[in-house]
Amino acid sequence: MASVEFANVRKSFGTHPVIKGVDIEIADGEFVILVGPSGCGKSTLLRMLAGLENISAGEIKIGGKVVNNLAPKERDIAMVFQNYALYPHMTVADNMAFSLKLKGAPKSEVDKRVKPAAEILGLSPLLDRFPRQLSGGQRQRVAMGRAIVRDPQVFLFDEPLSNLDAKLRVAMRAEIKELHQRLKTTTVYVTHDQIEAMTMADKIVVMHDGLVEQIGAPLELYDQPANLFVASFIGSPA
Ligand code: ADP
Ligand code: MG
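The rules behind these values
Residues numbered from 1 in each chain as written. Chains lettered and ligands numbered in written order. Predicted model: local features only at pLDDT ≥ 70, side-chain atom pairs only at ≥ 80, totals over all residues. Helix = DSSP H or I, 4+ residues; strand = E, 2+ residues; numbered from the N terminus. Buried ≥ 20, exposed ≤ 12 C-beta atoms within 10 Å, placed from the backbone. Contact = placed C-beta atoms within 7 Å. Pairing = 2+ DSSP bridges. Axes fitted to C-alpha atoms, helices over the stretch in contact; angles between N-to-C directions. Core = buried A, V, L, I, M, F, W, Y, C linked by C-beta atoms within 7 Å. Parallel < 35°, antiparallel > 145°, perpendicular 65-115°, else oblique. Left-handed = near helix turned anticlockwise from the far one by under 90°. Near = placed C-beta within 6 Å. Nonpolar A, V, L, I, M, F, W, Y, C, P; charged D, E, K, R; others polar. pLDDT = per-residue confidence, 0-100.

Labelled according to an unreviewed UniProt entry, the protein appears under the name Sn-glycerol-3-phosphate ABC transporter ATP-binding protein UgpC, originating from Phyllobacterium zundukense.

Below, the structure written as structure tokens:
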């Protein structure tokens with residue numbers, strides 16, 4: 001586990017500013033959701049935290065350490081994407097083990113990590129299957145399993161449920177929350193869905209056009225929205 005901090009973080013693509021000075025503090029073990037309309041900069045913030053995008057100004061810290069110049073693999077984080085990005089020619093077990101094998105972990109170590117992760121996610125009977133033989137929900141679980149086996153300091157999710165149908169989405173929300181209660185890994189989760197944010201987050205960061213509008217617990221935002229944007233986005237009776 002680790003804390004995460006954004007301090008006056010900015011990002012421009014060419015001359016176009018998309019993140020305009022963002023401050024966010026995330027405590028050890030917290031489940032934080034970045035929410036806001038499409039294009040407001042959620043994925044860019046997450047990608048900067050992951051090291052997939054450099055930052056134009058400011059500081060990002062993980063566990064109190066500035067990571068601005070660290071490569072993704074030096075940051076001890078694991079990211080789950082919306083499109084799963086599973087390797088089609090590998091079994092579920094091999095997909096889950098891939099990053100460990102890449103790091104040169106011995107088979108005994110790989111098995112020791114993959115088996116309990118598969119157990120937690122209900123994937124044990126599916127370890128020999130290929131991605132094409134799985135349902136959408138099962139594929140999403142494999143993507144989460146791949147993140148879990150790495151036992152990272154921080155989990156990042158970028159709209160992980162948006163390709164699933166409504167019923168499955170509700171079930172997976174509960175699963176992800178249970179997973180967090182079990183592992184207590186610091187989690188930064190991006191969605192444009194305010195219901196997802198309200199039902200899953202310890203703390204919500206409402207973003208709008210490259211800036212943070214408000215940070216607070218779901219009920220705080222609902223009861224005391226800082227402005228009309230937050231009120232209308234969260235759906236509180238302002
Ligand atoms: P969100 O995830 O909230 O929908 P993004 O972080 O993907 O928003 O995008 C924020 C803004 O940055 C958008 O205007 C988008 O077009 C722009 N943007 C994102 N990535 C790039 C890129 N690689 N090059 C240029 N503009 C980008
Ligand atoms: Mg996005």
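Next comes the rest of the description.
Undergrad: How should I be thinking about the overall build of the protein in this particular structure?
TA: Within the protein one finds eight helices and ten strands. Across the 238 residues that make up the protein, the buried fraction comes to 38%. Summarising the internal contacts of the protein: among those between residues at least 6 apart in sequence, 65% fall at separations of at least 24.

Undergrad: Got a minute to help me understand the environment of N227 in this structure?
TA: Note on placement: N227 falls in the loop between α7 (218-223) and α8 (228-234). With 14 residues separating them in the primary sequence, N227 and E213 have C-alpha atoms 8.0 Å apart.

Undergrad: Would you mind going over the pairing of strand β2 (residues 16-26) with me for this structure?
TA: Both faces of the sheet carry side chains from a regular strand, because those side chains alternate between them. In this sheet, β2 lies alongside strand β1 (residues 4-13) in antiparallel orientation, the contact comprising eight bridges. Note that in β2 the partner of E5 across the bridge is E25. Taking the residues that link successive antiparallel strands as the turn, the β1-β2 hairpin has two residues, and the phi of G14 there is positive, at about 65°.

Undergrad: I would appreciate a short explanation of the sheet that holds strand β6 (residues 77-81) in the present structure.
TA: Two orientations exist for strands paired in a sheet by backbone hydrogen bonds: parallel and antiparallel. Read from one edge to the other, the open sheet built from six strands follows the order β6-β7-β8-β3-β9-β10, with strand pairing classed as mixed. Each edge of the sheet is formed by a strand with only one pairing partner; in this case those strands are β6 and β10 (211-216). Put simply, the sheet's adjacent strands are angled 15° from each other on average, direction ignored. One ladder, built from five bridges, connects strand β7 (residues 154-158) with strand β8 (residues 186-191); its direction is parallel. What sits directly across from L156, in β8, is V188.

Undergrad: Would you mind showing me how to read the nonpolar core here?
TA: Looking at soluble globular proteins, one finds that nonpolar side chains tend to be buried together. Among the nonpolar cores identified, the biggest contains 64 residues, and I33, M96, L156 and V188 are the most heavily contacted of them. Once you skip the residues sitting within four places of it in the chain, I33 turns out to touch Y189, T191, A197, M200, A201 and I204.

Undergrad: Help me understand the packing of helix α2 (residues 92-102) against helix α3 (residues 107-120), please; the structure alone is not making it clear to me.
TA: How two helices sit against one another is set out by the angle between their axes and by the gap between those axes. Taken N-terminus to C-terminus, the directions of α2 and α3 make an angle of 135°; their axes are 10 Å apart at the nearest point. Taken together, the axis directions place α2 and α3 in an arrangement best described as oblique. Every pair of crossing elements has a handedness; the one defined by α2 and α3 is right-handed. On α3, the residues that touch A93, M96, A97, L100 and K101 of α2 are E109, V110, R113, V114, A117 and A118.

Undergrad: Is there a simple way to explain the site of ligand 1 in this structure?
TA: Close to ligand 1 lie F13, V18, G36, S38, G39, C40, G41, K42, S43 and T44. Broken down by element, the residue count for the shell around ligand 1 peaks at three residues, all from helix α1 (residues 42-50). Classifying every residue of the shell around ligand 1 gives three nonpolar, six polar and one charged.

Undergrad: What is the right way to look at the sheet that holds strand β4 (residues 57-62) in this model?
TA: What the four strands build is an open sheet, ordered β2-β1-β4-β5; its pairing is antiparallel. Each edge of the open sheet is held by one strand with a lone partner, namely β2 and β5 (65-66).

Undergrad: So what exactly am I meant to see when it comes to the environment of V142 here?
TA: Relative to the helices and strands, V142 is located in helix α4 (residues 136-148). The class for V142 is buried, based on 25 C-beta atoms found within 10 Å. Between the C-alpha atoms of V142 and V205, which are 63 residues apart in sequence, the distance is 27 Å. In this view, V142 contacts L86, V92, N95, M96, L123 and L134; residues no more than four positions away in its chain are not counted.

Undergrad: When you look at the pairing of β1 in this model, what are you seeing that I'm missing?
TA: One ladder, built from five bridges, connects β1 with β4; its direction is antiparallel. Residue V4 lies in a different strand from β4, and its bridge partner there is I62.

Undergrad: Just checking my understanding: could you explain the confidence of the model for the protein for this structure?
TA: Residues shown with low pLDDT carry predicted positions that ought not to be read at fine detail. For the protein, mean pLDDT is 93; residues scoring 70 or higher make up 99% of the total. Predicted complex, confidence summary: ipTM 0.98, pTM 0.93.

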